[in-house]
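What the coordinates show
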Amino acid sequence: MNNATLFSLCCLIWGSTWIAITYQIGHTSETFAIALRYLLASACLGAYCLLKRLPLALPVHVHIKMAAVGVFLYSLNYTLLYLAQAHIISALLALMSSCIIYINVVLRRWWLKEPIRKEVVVGATFGLGGIICLFVPEFSKVSMDAALATGLGIAFVSFLCASIGNVISERILTAGTPVIQMNFYAMSYAMILLFITSLLLPGTLVIPSSTSFYLSLVYLALFGSVFAFGAYMKLLKQMGADKAAYVVLVYPMVALLISTFFEGYQWTMLSVVGVVIVLMGNAIAMGKIPRFMRRPSIPN
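1. Looking at the overall build of the protein chain
When helices and strands are counted, the protein chain shows 12 helices and zero strands. Seen in sequence order, the protein chain has helices and strands lined up from the N terminus as α-α-α-α-α-α-α-α-α-α-α-α. Here the protein chain has a C-alpha radius of gyration of 19 Å; the compact-globule value for 300 residues is 19 Å, and the two agree. Seen through its C-alpha atoms, the protein chain measures out along the principal axes to roughly 60 × 50 × 35 Å.

What follows is the structure in structure tokens.
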């Protein structure tokens, strides 16, 4: 698949997973729900590897990096994001998610010694402005208090963990590790960690009994984890973590489009303008507008 197809696949799937996630809330602990999601996802990936006879033997140092991806991207990121949603509205989360791009840019420069691409920074800033336009009505409902401050702090740590996981993933994949095997191991490590955490948490571990919980779990595991993260990791490998992260600014628009039909979301002129700005930022970030491309320095 080309980059445009992979990018669209991520946006369409992750823009729809919020519906499935609503059926996961309240049935059991967040960590146990996510652990079950990765149990199913890793089982599917493992079965595919065995069926296709894909090599699963990888060096120890690669396993350490994959375990780090499991901890930061698949475990801490999602767990903290669920906790943040208990304190702040989704509009603020969508706005704050733009910081992933900026953090990726900095981490890639510091850790991978990759240059800062001007088009990515400019495009992300356009996208940030577009997200603000999209969610202006929701921001009017927000008032600063201790709970909100806590939620903002948890969300920021979540996105920092996601960025760390993104950059480690890029490093693993560009070194030659196949996407499917990397996701299999990373999700397996995440699943083990989350199950252990679920058992150590105070209170009784509740096994969900709702049919809707398990139906949504299948969708989240197969589409949200196996397919979407598979596509996203290919983007990381082919485009870099900075450009691939623009997905987080585009898929909220898909969520709003779905919300139009399921929840009666009302579009305004400002929200339409926001969509246009986000798409313009995406074009800039992907290098479709040469004026914003990073130019190499000319030697004297």
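2. Structural notes on the environment of Phe-213
By the secondary structure assignment, Phe-213 is in helix α9 (residues 211-239). Looking at Phe-213, the relative accessible area reads 0%, which means it is buried. Taking the C-alpha atoms as reference points, Phe-213 and His-87, 126 residues apart in sequence, are found 23 Å from one another. With residues near it in sequence (within four places) discarded, Phe-213 still touches Tyr-23, Gln-24, His-27, Thr-28, Ala-33, Leu-36 and Pro-208.

3. Re the state of the cysteines
Going through the model one piece at a time under the given rule, you end up with zero disulfides. In this structure Cys-11 is a free cysteine whose sulfur lies 6.7 Å from that of Cys-10, the closest cysteine sulfur available. Overall, the relative accessible area of 4% leaves Cys-11 in the buried class.

4. Brief notes about the layout of surface pockets
Taken as a whole, the second largest pocket holds about 330 Å³ of empty space. Every element with two or more residues in the lining of the second largest pocket is listed here: α1 (3-22), α2 (30-51), α8 (179-200) and α9. Take the lining of the second largest pocket: its biggest share by element is five residues, from α9. The class makeup of the residues in the lining of the second largest pocket is 11 nonpolar, two polar and one charged.

Basis of the calculations
- Residues numbered from 1 in each chain as written.
- Predicted model: local features only at pLDDT ≥ 70, side-chain atom pairs only at ≥ 80, totals over all residues.
- Heavy atoms only, no water.
- Helix = DSSP H or I, 4+ residues; strand = E, 2+ residues; numbered from the N terminus.
- Rg over C-alpha atoms; globule rule 2.2 N^0.38 Å.
- Buried < 20%, exposed > 50% of the residue type's maximum accessible area, 1.4 Å probe, protein only.
- Contact = heavy atoms within 4.5 Å.
- Disulfide = S-S within 2.5 Å.
- 1 Å grid on protein atoms, 1.4 Å probe; cavity = no way out; pocket = protein on both sides within 12 Å on 5 of 7 lines; lining within 4 Å.
- Points joined across faces, edges and corners; volume = space filled by probe spheres on them.
- Nonpolar A, V, L, I, M, F, W, Y, C, P; charged D, E, K, R; others polar.

These figures capture arrangement, not role.
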